[in-house]
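Coordinates in review
Here are the chains, one letter per residue:
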Amino acid sequence: MFRFEYPYFLWLLLLIPVLILLWIHWRRVRQRRLRAFGDDALVAQLAEGVTRSRLTIKFALATTALALIIVALARPQLGAKLQHERHTGIEAIIALDISNSMWAKDVAPSRLDKSKMMVENLMEHFTNDKIGLVVFAGKAFTQLPITTDYISAKMFLQEISPSMISQQGTDIAAAIRLSMLSFTQEEDIGKAIILITDGEDHEGEAVKAAKEAKEKGIRVFILGVGDAKGAHIPLPGSDGAYLTDNTGETVITRLNEEMCKEIAQAGSGTYIHVDNSSTAQQQLDKEISKMQKGETDQLVYSEYDEQFQAVALLALLLLIAACLIPSSNNKQKHTEQ
């Protein structure tokens, strides 16, 4: 595994494009001043021996050396030793509905964005728990296999969008069944499917799938996002336009609470209504904390080898090369004379 001990030093790399822009600006200003100095032929004669290519090479070498020095300061390291560690936690698969109806704004800022915020807040409470991401609409697929890497999980979570699945609809059964296959083979550990949806199931068999999960010792929690009164579905990138059906009528999406409750009951879980308050988040955290925590095996790097020496040496060699390259070939001219 590769990592940086002090990754915040990498922000200094932003200086590199700034230096390049300053170099380009300096070259243009210098060129204008030389042209204003006198006749082009006279200026060329006076500046004879100074080569632009050498100046550019020296600048490129120095700039590259600076970038390498910054990387060295960040302390690049390679994992040298793996060891198994045992921790106690649960396994949770987040199954997130990304059908077009999740664009609705009856929950601020939208059903989808509110769902993402809840999942991210849930991960903040995780320590040694494992988490996976499944997304679904008319079909389901795994966005992130089960892991303890919460940083990657948050990164993948932010990339989730209804545009990821072209086949629209809401197949909750497919999401539950795929989630069931995503757990590890660990026993004596609490396993939960946290399904976030507006409950508009278009395919059926969701209750049957929840019962199948219950038989395998997996609890199915349902977070119902939205309002039963209904809301329009805004079209992304449009100026206030809404989704319409084949007849041109504006589509109204409604939270199907009865369906959500039925699925949660069949899956031995809990139904939680998600609105604009923080009540749902608190209730979810409370329910998850009640689950049985079991021992999980994790492979972690316990030792790291420093790599900054090689990077620093390369930077030094580039600086020496930049100093050794002369800016002009005057020496050669004098020798010829």
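Structure: above.
Residues numbered from 1 in each chain as written. Predicted model: local features only at pLDDT ≥ 70, side-chain atom pairs only at ≥ 80, totals over all residues. Heavy atoms only, no water.

**Quick look at a nonpolar patch on the surface**
Taken together, the side chains of Leu 12, Leu 15, Val 18, Leu 19, Leu 22, Ile 69, Leu 73 and Leu 319 define a hydrophobic patch exposed on the protein surface, amounting to about 620 Å² of accessible area. Counting residues per element, the nonpolar patch draws most heavily on helix α1 (residues 15-37), which supplies four residues. Among the structural elements, Val 18 can be located in helix α1. (Patch = residues over 30% accessible without salt bridge, like charges linked within 9 Å, V, L, I, M, F, W, Y side chains within 5 Å. Areas by Shrake-Rupley, 256 points an atom, 1.4 Å probe, with all protein chains shown as cover. Salt bridge = Lys/Arg side-chain N within 4 Å of Asp/Glu carboxyl O. Helix = DSSP H or I, 4+ residues; strand = E, 2+ residues; numbered from the N terminus.)

**A short note on the sheet that holds strand β10 (residues 271-274)**
The mixed open sheet is built from six strands, whose spatial order is β5-β4-β3-β6-β7-β10. Two strands lie at the open edges of the sheet, namely β5 (140-147) and β10, each paired on one side alone. Averaged over all adjacent pairs, the angle separating strand axes in this sheet is 15 degrees, with direction ignored. Relative to strand β6 (residues 191-197), strand β3 (residues 91-97) runs parallel, the two being bridged by six bridges. Opposite Ala 92, over in β6, you have Ala 192 as the bridge partner. Most of the contacts of helix α6 (residues 172-180) go to β6, to which it runs at about 155 degrees, and overall it touches β3, β4 (130-136), β5, β6 and β7 (218-225). (Pairing = 2+ DSSP bridges. Axes fitted to C-alpha atoms, helices over the stretch in contact; angles between N-to-C directions. Contact = heavy atoms within 4.5 Å.)

**A look at the pattern of salt bridges**
Throughout the structure, instances matching the rule amount to eight salt bridges. For Glu 306, the salt bridge identified is with Arg 75, shortest N-O distance 2.3 Å. Highlighted residues: Glu 306 in strand β11 (residues 294-306) and Arg 75 in the loop between α3 (52-73) and β2 (76-89), separated in sequence by 231 residues. Under the relative-accessibility criterion, Glu 306 is labelled partly exposed at 26%. Arg 177 is the salt-bridge partner of Glu 205, the closest N and O atoms lying 3.0 Å from each other. With Glu 205 in the loop between β6 and α7 (206-215) and Arg 177 in helix α6, this pair connects stretches of sequence that are 28 residues apart. Salt bridges sharing partners connect three or more residues here, namely Asp 106, Arg 111 and Asp 198. (Buried < 20%, exposed > 50% of the residue type's maximum accessible area, 1.4 Å probe, protein only.)

**Observations regarding the packing of aromatic side chains**
Note on aromatic pairs: each is described by the distance of the centres and the angle between the planes. The final tally for this structure, using the stated rule, is six aromatic pairs. Between Tyr 6 and Tyr 8, the aromatic rings sit 6.0 Å apart at their centres with planes inclined by 45 degrees, giving tilted as the arrangement. We classify Tyr 6 as partly exposed; its relative accessible area is 29%. Here the aromatic rings of Phe 126 and Tyr 150 are separated by 6.3 Å at their centres, their planes lie at 50 degrees, and the arrangement is tilted. Pair noted here: Phe 126 is in the loop between α4 (111-125) and β4 and Tyr 150 is in helix α5 (residues 150-158), with a separation of 24 residues, a long-range link. As far as burial versus exposure is concerned, Phe 126 and Tyr 150 are alike and both buried. In this structure an aromatic cluster arises from ring pairing among Tyr 6, Tyr 8 and Phe 9. (Phe/Tyr/Trp six-rings, centres within 6.5 Å; stacked < 30°, edge-to-face > 60°.)

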